Amino acid sequence: MAAAHSRRAGPLFVAPFLILFLLLFLAPLGYAAYLSLFQQRLVGGTVFVGLDNYLTALKDPLLLHGVGRVALFFLIQVPLMLLLALAFALALDSGLLRLARVIRLGIFVPYAVPSVVAALMWGYLYGPDFGPFAQLSRQLHLPAPHFLSDGWMLGSLANIVTWEFVGYNMIILYAALRTVPTDLYEAAAMDGAGPWRIAWSIKLPALRPALLLTLLFSVIGSFQLFNEPSLLMKIAPDVISSSYTANLYAYSLAFTGDQIDYAATVSFLLGLVIVIASYAVLLTANRRRPA
């Protein structure tokens, strides 16, 4: 009787998650897939077009440039962010830092700041007229840095995202380091290994699963870049257009251009790009893993 009761109780515990997953994820996804097969036309209204929207999107220069831009953003920003997170995690785990808890909290606090607030704050700091960097440059009789210019914008966005997420990735890596048995460190020290050797031969191999996890999160986050360029577009409209990133392009199509069907198509293709990029990361990591 107890075993039968347990078998009946299991689905009941899982049911709330399954219901919410169906209503909040699968149903909207299915509806978006349905919308992507139609077009709104001036003559004829809503017309079924099959895969025509996808063929159009694959040749859309605005979408292709947006995807290429976020891919470049990923290649620039993610390695820098993960290297900083790794350095902070190793420094905290070394036990050599004073006030380690305060430092850990200080590094993590930017992640608690909403991305909208972070973008507004950095937009003020980047400002060419009233921003502190521009004012300091004028005081020193130097040319003001053009953080919001076309040549600097991608780096400025990368700086904002790095400031936001270094602490988040550091916590993941630091938590992974805390699971490494201290016996390994003691044995290595007895064999004559110094701190650098221990970090290279013990800590870094132990961090591979956590680094892979942070890298996958970064792939998803980079290709979904939206809040930061959306807000900076208000103060640099000549640099950031409505198609600056693929996610921003899909949003603009849906809520500014009233092209819901095509926006659904762009969103699906962006999701496919994220899946392919994530799979490529996993495949590369598995090939490099020692046998």
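A. The arrangement of the overall build of the protein in detail. On a plain count of helices and strands, the protein comes out with 13 helices and 2 strands. In summary, the protein has a C-alpha radius of gyration of 24 Å against a globular reference of 19 Å for 291 residues, an excess of more than 25%. At a minimum sequence separation of 6, the contacts of the protein that also span at least 24 residues come to 66%. The average position of the 17 basic charges and that of the 13 acidic charges among the side chains of the protein differ by 11 Å.

B. View of the packing of helix 8 (residues 182-190) against helix 9 (residues 195-206). One way to put it is that helix 8 packs onto helix 9 with a least axis distance of 11 Å and a crossing angle of 145 degrees. Considering the relative orientation of helix 8 and helix 9, their crossing is right-handed. In this structure, helix 8 uses Leu184, Tyr185, Ala188 and Ala189 to contact helix 9, whose residues at the interface are Ile198, Ile202 and Lys203. Tallied by class, the residues present in the contact of helix 8 with helix 9 amount to 6 nonpolar, no polar and 1 charged.

C. Spotlight on the nonpolar core. Counting 40 residues, the largest nonpolar core has Leu63, Leu173, Leu207, Phe223 and Val266 as its most contacted members. Looking at this core, the elements with two or more residues in it are helix 2 (52-58), helix 3 (61-93), helix 7 (153-178), helix 10 (208-223), helix 12 (246-255) and helix 13 (260-288). If one sorts the elements of this core by residue count, helix 3 sits on top with 11 residues. Residues in contact with Leu207, not counting those within four places in the same chain, are Leu86, Leu90, Leu173, Ala176 and Leu177.

D. Region of interest: the environment of Tyr126. Relative to the elements of secondary structure, Tyr126 occurs in helix 5 (residues 115-126). Look at Tyr126 and you get buried, because its relative accessible area is 4%. Residues Tyr126 and Gly257 lie 131 residues apart in sequence; the distance between their C-alpha atoms is 30 Å. Those residues in contact with Tyr126 that lie beyond four places of it in its chain are Phe147, Leu148, Ser156, Asn159 and Ile160.

E. The layout of surface pockets, seen in detail. In this model, the second largest pocket occupies a volume close to 470 Å³. Along the wall of the second largest pocket there are 18 residues; nearest its centre are Ser94, Pro195, Trp196, Ala199 and Lys203. Secondary-structure elements contributing two or more residues to the lining of the second largest pocket are helix 3 and helix 9. If you tally residues by element for the lining of the second largest pocket, the top one is helix 9, at 7 residues.

Thresholds applied
Residues numbered from 1 in each chain as written. Predicted model: local features only at pLDDT ≥ 70, side-chain atom pairs only at ≥ 80, totals over all residues. Heavy atoms only, no water. Helix = DSSP H or I, 4+ residues; strand = E, 2+ residues; numbered from the N terminus. Rg over C-alpha atoms; globule rule 2.2 N^0.38 Å. Contact = heavy atoms within 4.5 Å. Lys, Arg positive; Asp, Glu negative; His and termini not counted. Charge placed at Lys NZ, Arg CZ, Asp CG, Glu CD. Axes fitted to C-alpha atoms, helices over the stretch in contact; angles between N-to-C directions. Left-handed = near helix turned anticlockwise from the far one by under 90°. Nonpolar A, V, L, I, M, F, W, Y, C, P; charged D, E, K, R; others polar. Core = buried A, V, L, I, M, F, W, Y, C linked by side-chain atoms within 4.5 Å. Buried < 20%, exposed > 50% of the residue type's maximum accessible area, 1.4 Å probe, protein only. 1 Å grid on protein atoms, 1.4 Å probe; cavity = no way out; pocket = protein on both sides within 12 Å on 5 of 7 lines; lining within 4 Å. Points joined across faces, edges and corners; volume = space filled by probe spheres on them.

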